[in-house]
Amino acid sequence: MPVTSTTICFRNIRLLAQIESVAPVVVAKKENCALVVRDGKVVKTVKDSGIRAGQYDSVVDLKGRAVIPGFVDCHTHLVYGGDRKEEAEKRATGESYLEILKQGGGIHNTVEATRKSGEEELYQTARARMKRMIQLGTTAFEIKSGYGLDLETEKKMLRVGQSLRDKLKVPVNLTYLGAHAVPKGWEREEYLDWVIENLPAFRGLADAVDIFCEQDVFSVKDLRRLFLRAKLLGFHLRAHVEELSHQGGCYEAAKLGALSCDHLEHALPKDIRAMQLSGSVAVLLPGVTFFLGGEKIAPAHSFIDAGVPLALATDCNPGSSPTYNMQTILYLAAFLYRLSPDQALAAGTLGAARALERHKEFGGLLPGQRADFNVLKTDDYRDLFYYFGDNFVDKTYLAGEMIR
Ligand SMILES: [Zn+2]
C-alpha cells in the first residue's frame, strides 16, 4: 500500500505562541499566521495572507483566535477511589493536613477506598477525570500510583493508567509511587524494604519511581536507598520534596540525577544549585499551596535565575489539590510566584514536557513536534492570566486532530 501523507493548514490565527525554550523562557509570538501540519506534526508557520487555494490537502479556519500549545500535566494522582470532602471541611475549621494524617485519615482514607475499588470502577472514574482535563486543554499526562501501598493495588492503578493511555490515545507517562506513605500496620523501614525488594515487579508498568520525602513519612536516607536501586533497574527518578518542611531530599534527588524535583516550597539555595548542576526540572504545584492554604511559596524566581527549567502541574489528587484545570494552575502560578504570562505558559507546556523527558516530541508547538494545541475563545492568550475562573479553551487538537 502506498503511504499517503496529509498536509493541513490551520489558518486565520490572530496570535500564535510557540515555546522555543524554557530555560531561559523564549516564546515566539506570530500574528496573523497559519500553522502547517503534516501527518500530525508541525512543519512550519506561514503568513496568512500568502496562502493559495489548493496548496494544502485541507484548510481549517481558526477564525482569528489565539493558539497555544496543549497543556502538559506532568504530576497527577488521577487514579483513586473515593474523595476527601469531609477532610476539606475539617481543615476549613482549623485542623492541619499533617494532624489529619496522624489521626489515620488523609491518604489512608484514599488507600482504603482505592483498595476496595474494582479495576473497572477505577478506570471509569479516572477516565471521566481525564476527559474533563482534556476538555480544559490538557493533551499529555503523568499519572502516579501510590494509593495501594500493596503489590496488587499498585499494579492495578498502573494498569488503569495504561488503559487510559491506550483507549483515550493521549500520551501518558506512568510513575510508581509505592513510597507515598507507610501503610497502616507496617513499620517505616520494613515497608521501605518491601518497596525496594518489589521494584522489579513494576518494570514495564511504570517508567519512573517517586517518593514522598517528608517529616514523619520517608527520610532522605530512605530516598537515597530507593533511588539507588531504582536507578540500577533503569527507572527515571522523581521526588516529592521540601513541601511541608525542609528535609534535604531535593539536594539528594538532584545529586542522584532525578528527572524532576516536585513541590519545593522549602527549597534552599544549595538545593537549587544541585538542580542546576543535575539538569533536574523544578515542578511547582500551586494548586496545593492554594488548597492547603500554605504560607510558604515556592521560590520560582530563584529557579529561573539559576537556569533551572520550571514546570507546572495540577497534582490532581483528592487530598491536597482536587483540580483538573491547568488553566487555573497557570493563573495561580502567575499570581503566587509573580510569573509573567509567558513564563507560566512555558512552564505548563514545554517545561512540563521536559519534566517527562518528552520535550522533543511535544510541548512547544515547534516544527518537528506533534501538533498538540489549543484554540482559545479569545485572540490574546494573556486573557488566561487576567480573567479568572473561566475556561478559555474552545477547541483542542492532538496530532492535528480535534479531540474536543
Ligand atoms: Zn503529588
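Predicted, not measured: the structure shown is a model, and the values here were computed from it. (Residues numbered from 1 in each chain as written. Predicted model: local features only at pLDDT ≥ 70, side-chain atom pairs only at ≥ 80, totals over all residues. Heavy atoms only, no water.)

## Observations regarding the coordination of the zinc ion
Within the protein, the zinc ion binds to His 75 (NE2), His 77 (NE2), His 240 (NE2) and Asp 315 (OD); these donor distances fall in the range 2.0 to 2.6 Å. Taken together, the four donor atoms surrounding the zinc ion define angles of 79 to 170° at the centre, an arrangement classified as irregular. Mapped onto the polypeptide sequence, the residues donating to the zinc ion form the spacing pattern H-x1-H-x162-H-x74-D. One end of the pair, His 75, is in the loop between strand 5 (71–73) and helix 1 (85–92); the other, Asp 315, is in the loop between strand 12 (310–312) and helix 12 (326–337), with 240 residues separating them in the sequence. Each member of the pair, His 75 as well as Asp 315, carries the same accessibility label: buried. (Donors = N, O, S within 2.8 Å, 3.2 Å for Na, K, Ca; no water. Tetrahedral: all angles 85-135°; square planar, octahedral: opposite > 155°, others 65-115°. Helix = DSSP H or I, 4+ residues; strand = E, 2+ residues; numbered from the N terminus. Buried < 20%, exposed > 50% of the residue type's maximum accessible area, 1.4 Å probe, protein only.)

## Details of the packing of helix 12 against helix 13 (residues 341–355)
Relative to each other, helix 12 and helix 13 sit at 140°, their axes nearing to 9 Å. Considering the angle they form, helix 12 stands oblique to helix 13. For the pair helix 12 and helix 13, the sense of crossing is right-handed. In this structure, helix 12 contributes Met 326, Leu 330 and Ala 334 to the contact, and helix 13 contributes Ala 344, Leu 345 and Gly 348. Taken together, the residues of the contact of helix 12 with helix 13 break down into five nonpolar, one polar and no charged. (Axes fitted to C-alpha atoms, helices over the stretch in contact; angles between N-to-C directions. Parallel < 35°, antiparallel > 145°, perpendicular 65-115°, else oblique. Left-handed = near helix turned anticlockwise from the far one by under 90°. Contact = heavy atoms within 4.5 Å. Nonpolar A, V, L, I, M, F, W, Y, C, P; charged D, E, K, R; others polar.)

## Concerning the sheet that holds strand 1 (residues 7–22)
The strands making up a sheet associate through hydrogen bonds between their backbones, and the pairing can be parallel or antiparallel. Pairing within the open sheet is mixed, and its seven strands lie in the order 3-2-1-4-13-14-15. Taken across any chain shown, the strands that pair with only one partner, and hence form the sheet edges, are strand 3 (41–47) and strand 15 (401–402). Here helix 13 sits on the sheet and contacts strand 1, strand 2 (25–38) and strand 4 (58–69); the angle it forms with strand 1, its principal contact strand, is near 90°. (Pairing = 2+ DSSP bridges.)

## Brief notes about the sheet that holds strand 12
The strand order 5-6-7-8-9-10-11-12 describes an open sheet built from eight strands, whose pairing is parallel. Where the open sheet ends on each side, the last strands, each with one partner, are strand 5 and strand 12. Here the average twist between neighbouring strands, direction ignored, is 25°. Pairing between strand 5 and strand 6 (residues 138–144): three bridges, direction parallel. From the neighbouring strand, Val 72 faces strand 6, where its bridge partner is Ala 140. Set on the sheet, helix 7 (residues 220–232) makes contact with strand 7 (172–179), strand 8 (208–211) and strand 9 (236–241); between it and strand 8 the angle comes to about 175°.

## Looking at unusual backbone geometry
Cis geometry marks the peptide bond from Ala 23 to Pro 24; its omega dihedral reads 5°. Non-glycine residue Glu 242 carries a positive phi angle of around 50°. Along the polypeptide, Glu 242 turns up in the loop between strand 9 and helix 8 (249–255).

## Things to note about the domain arrangement of the protein chain
The domain architecture assigned to the protein chain consists of domain 1 (7–69 + 364–402) and domain 2 (71–355). Taking only C-alpha atoms, the centre of domain 1 and the centre of domain 2 are 30 Å apart. Contacts between domain 1 and domain 2 engage 30 residues on the former and 26 residues on the latter. Here domain 1 meets domain 2 over a buried area of about 2100 Å², counting both sides, of which 70% is carbon and sulfur. Of all residues in domain 1, Val 22, Phe 385 and Leu 398 give up the largest surface area on contact with domain 2, accounting jointly for 30% of the area buried on that side. Along the contact surface separating domain 1 from domain 2 lie one salt bridge. No other element matches the five residues that strand 1 contributes to the side of domain 1 that touches domain 2. Class assignment for the residues of the side of domain 1 that touches domain 2 results in 18 nonpolar, six polar and six charged. (Domains from an automatic or database assignment. Buried area = accessible area lost by both parts, 1.4 Å probe. Salt bridge = Lys/Arg side-chain N within 4 Å of Asp/Glu carboxyl O.)

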